[in-house]
Amino acid sequence: MTQWQIWIDRGGTFTDIVAKRPDNTLVTHKLLSENPEKYRDAAIQGIRELLQLNPEEPLPEGLIDTVKMGTTVATNALLERKGERTLLVITRGFGDALRIGYQTRPDLFARHIILPEMLYEEVLEVEERLSAHGDCITPLDTKSAENGLKKAYKKGIRSVAIVLMHGYRYPDHEQQLAEIAREIGFTQISQSHQVSPLMKLVSRGDTTVVDAYLSPILRRYVNQVEERLKNKSRHEGPKLMFMQSSGGLTDAHLFQGKDAILSGPAGELSVWSKQRP
């Protein structure tokens, strides 16, 4: 092996790095995740320090084979409620379904129930209904849906979660709405039949909303890391992969908000396992 292999856990406070040199020896490094006075991104800065590069020196071409990361970017955005402004589009009559949820009661005898803050900013109920067997009960009112999407867009909302009854199995109406949203200009469109093709509306809806809420934040961070890893002359860089909540790795371009909530903890376990004797 003549290239570096690098594993990174970017946490909320510290960023930990384990790297394998071309001679197969391991080296570790630790630095603050946020230090804007000294560097823009801890992961890139850590790599540069390991390679002993000068501040303005570009990353040498072909020196790094793969960079594998776990990150709490999505986790922190979720906990701090700093995700993308999101519109929930759902079948008419079910606008409160995700708010109501499953009515679980952690404290059975509590008289004052405090519901969690919803991730979506607004709800757009659309006229449509397919039966559980795919029969069209109510045709999709595309004109009304388009007007509602345009109103949300004018308010500055750019992310939309589309969750329709029985959409997990019969996605035609979700696909039509996604196309309308795309033409209007929405930059993040999460469709429940793609994100979480589950029968139950609430769990499918919750996952789709999380994906719409976090994916734009995640995409900006991934693009930032990828761009700074590239060789400026050839616009190429090492293979970049991210740890998913499941503990599995995926290509940077396939990394989605719904799979990133536990990326950091999963990455931390992976990184520290590399350091065990």
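Our subject is the structure that appears above.
No experiment lies behind these values; they were computed from the predicted model shown.

Reading the values: the criteria
- Residues numbered from 1 in each chain as written.
- Predicted model: local features only at pLDDT ≥ 70, side-chain atom pairs only at ≥ 80, totals over all residues.
- Heavy atoms only, no water.
- Helix = DSSP H or I, 4+ residues; strand = E, 2+ residues; numbered from the N terminus.
- Buried < 20%, exposed > 50% of the residue type's maximum accessible area, 1.4 Å probe, protein only.
- Lys, Arg positive; Asp, Glu negative; His and termini not counted.
- Charge placed at Lys NZ, Arg CZ, Asp CG, Glu CD.
- Pairing = 2+ DSSP bridges.
- Axes fitted to C-alpha atoms, helices over the stretch in contact; angles between N-to-C directions.
- Parallel < 35°, antiparallel > 145°, perpendicular 65-115°, else oblique.
- Left-handed = near helix turned anticlockwise from the far one by under 90°.
- Contact = heavy atoms within 4.5 Å.
- Nonpolar A, V, L, I, M, F, W, Y, C, P; charged D, E, K, R; others polar.
- Salt bridge = Lys/Arg side-chain N within 4 Å of Asp/Glu carboxyl O.
- Core = buried A, V, L, I, M, F, W, Y, C linked by side-chain atoms within 4.5 Å.
- 1 Å grid on protein atoms, 1.4 Å probe; cavity = no way out; pocket = protein on both sides within 12 Å on 5 of 7 lines; lining within 4 Å.
- Points joined across faces, edges and corners; volume = space filled by probe spheres on them.
- Polar contact = N/O pair within 3.5 Å; in protein donor to acceptor, adjacent residues only side chain to side chain.

Enquirer: Run through the overall build of the chain, naming residues and quoting values.
Expert: Across its full length, the chain holds eight helices and 12 strands. Taken along the three principal axes of its C-alpha coordinates, the chain extends 65 × 50 × 35 Å. Relative to its full complement of 277 residues, the chain shows a buried share of 46%. Between the mean site of the 36 positive side-chain charges and the mean site of the 36 negative ones, the chain shows a separation of 2 Å.

Enquirer: With reference to specific residues and values, describe the sheet that holds strand 5 (residues 86-91).
Expert: With parallel pairing, the four strands of this open sheet are ordered in space as 6-5-9-10. Taken across any chain shown, the strands that pair with only one partner, and hence form the sheet edges, are strand 6 (122-126) and strand 10 (188-191). Strand-to-strand twist of the sheet, defined as the mean angle between neighbouring strand axes without regard to direction, takes the value 20°. The sheet contact formed by strand 5 and strand 6 spans five bridges and is parallel. The partner of leucine 87 across the bridge, within strand 6, is glutamate 122.

Enquirer: How would you sum up the packing of helix 4 (residues 142-154) against helix 5 (residues 172-184)? Please name residues and give values.
Expert: Direction vectors running N to C along helix 4 and helix 5 enclose 40°, while the axes themselves pass 10 Å from each other. One way to sum up the angle between helix 4 and helix 5 is to call them oblique. Crossing handedness for the pair helix 4 and helix 5: right-handed. Only Gln176, Leu177, Ile180, Ala181 and Ile184 of helix 5 make contact with helix 4, whose side of the interface consists of Thr142, Ala145, Glu146, Leu149, Lys150 and Tyr153. Class assignment of the residues belonging to the contact of helix 4 with helix 5 gives a composition of seven nonpolar, two polar and two charged.

Enquirer: Can you lay out the sheet that holds strand 3 (residues 26-32) for me, pointing to particular residues and giving the numbers?
Expert: Strand order in the open sheet formed by six strands is 3-2-1-4-11-12, with mixed pairing between adjacent strands. Because the sheet does not close on itself, it has two edges, and the strands there are strand 3 and strand 12 (249-251). Strand-to-strand twist across the sheet, computed as the mean angle between neighbouring axes with direction ignored, equals 25°. Each of strand 1 (4-10), strand 2 (14-20), strand 3 and strand 4 (64-71) is contacted by helix 1 (residues 42-50), which is oriented at about 135° to strand 3, the strand it contacts most. Along the sheet face, helix 7 (residues 201-229) touches strand 1, strand 4 and strand 11 (239-243) and points at about 150° away from the line of strand 11.

Enquirer: Lay out the pattern of salt bridges with the relevant residues and their values.
Expert: According to the stated counting rule, one finds 14 salt bridges in the structure shown. For lysine 30, the salt bridge identified is with aspartate 16, shortest N-O distance 2.7 Å. With lysine 30 in strand 3 and aspartate 16 in strand 2, this residue pair connects regions lying 14 residues apart in the sequence. By relative accessible area, which is 45% here, lysine 30 ends up partly exposed. Salt-bridge contacts for arginine 204 lead to glutamate 174; the nearest nitrogen and oxygen are separated by 3.9 Å. Here arginine 204, found in helix 7, pairs with glutamate 174, found in helix 5; they are 30 residues apart in sequence, far enough to count as distant. In this structure, arginine 204 and glutamate 174 share a single accessibility class: buried.

Enquirer: Describe the nonpolar core, and please don't skip the residues or the numbers.
Expert: For soluble globular proteins, the rule of thumb is that nonpolar side chains tend to be buried together. Membership of the largest hydrophobic core comes to 50 residues, with the highest contact counts inside it found for Ile6, Ile47, Val67 and Met69. No other element matches helix 7, which puts 13 residues into this core. Of all hydrophobic cores here, the second largest spans 19 residues; its members include Val89, Leu124, Val160 and Ala178.

Enquirer: Quick one: what's the story with the layout of surface pockets, residue by residue and with numbers?
Expert: As a volume, the largest pocket reaches approximately 560 Å³. In terms of lining, the largest pocket is formed by 26 residues, of which the most central are Leu98, Arg99, Leu115, Pro116 and Met118. Looking at the lining of the largest pocket, the elements with two or more residues in it are helix 3 (97-100) and helix 7. Partitioning the lining of the largest pocket into residue classes produces 15 nonpolar, five polar and six charged.

Enquirer: So what's going on with the environment of serine 131? Residues and values would help.
Expert: Within the secondary structure, serine 131 is located in the loop between strand 7 (129-130) and strand 8 (136-138). As for serine 131 and glycine 167, which are separated by 36 residues in sequence, their C-alpha atoms are 9.8 Å apart. Those residues in contact with serine 131 that lie beyond four places of it in its chain are Ile137, His166 and Tyr170.

Enquirer: Give a description of helix 1 that names residues and reports values.
Expert: Within helix 1, seven of the nine residues are buried, leaving the element largely enclosed by the surrounding structure. Along helix 1, the residues that are buried comprise Ala42, Ala43, Ile44, Gly46, Ile47, Arg48 and Leu50. Buried residues along helix 1 sit against strand 1, strand 2, strand 3, strand 4 and helix 7. The distance from a side-chain oxygen at the start of helix 1 to the backbone nitrogen of alanine 43 is 3.1 Å, and the residue carrying that oxygen is aspartate 41. Phi turns positive one or two residues past the end of helix 1, at glutamine 52, with a value near 55°.

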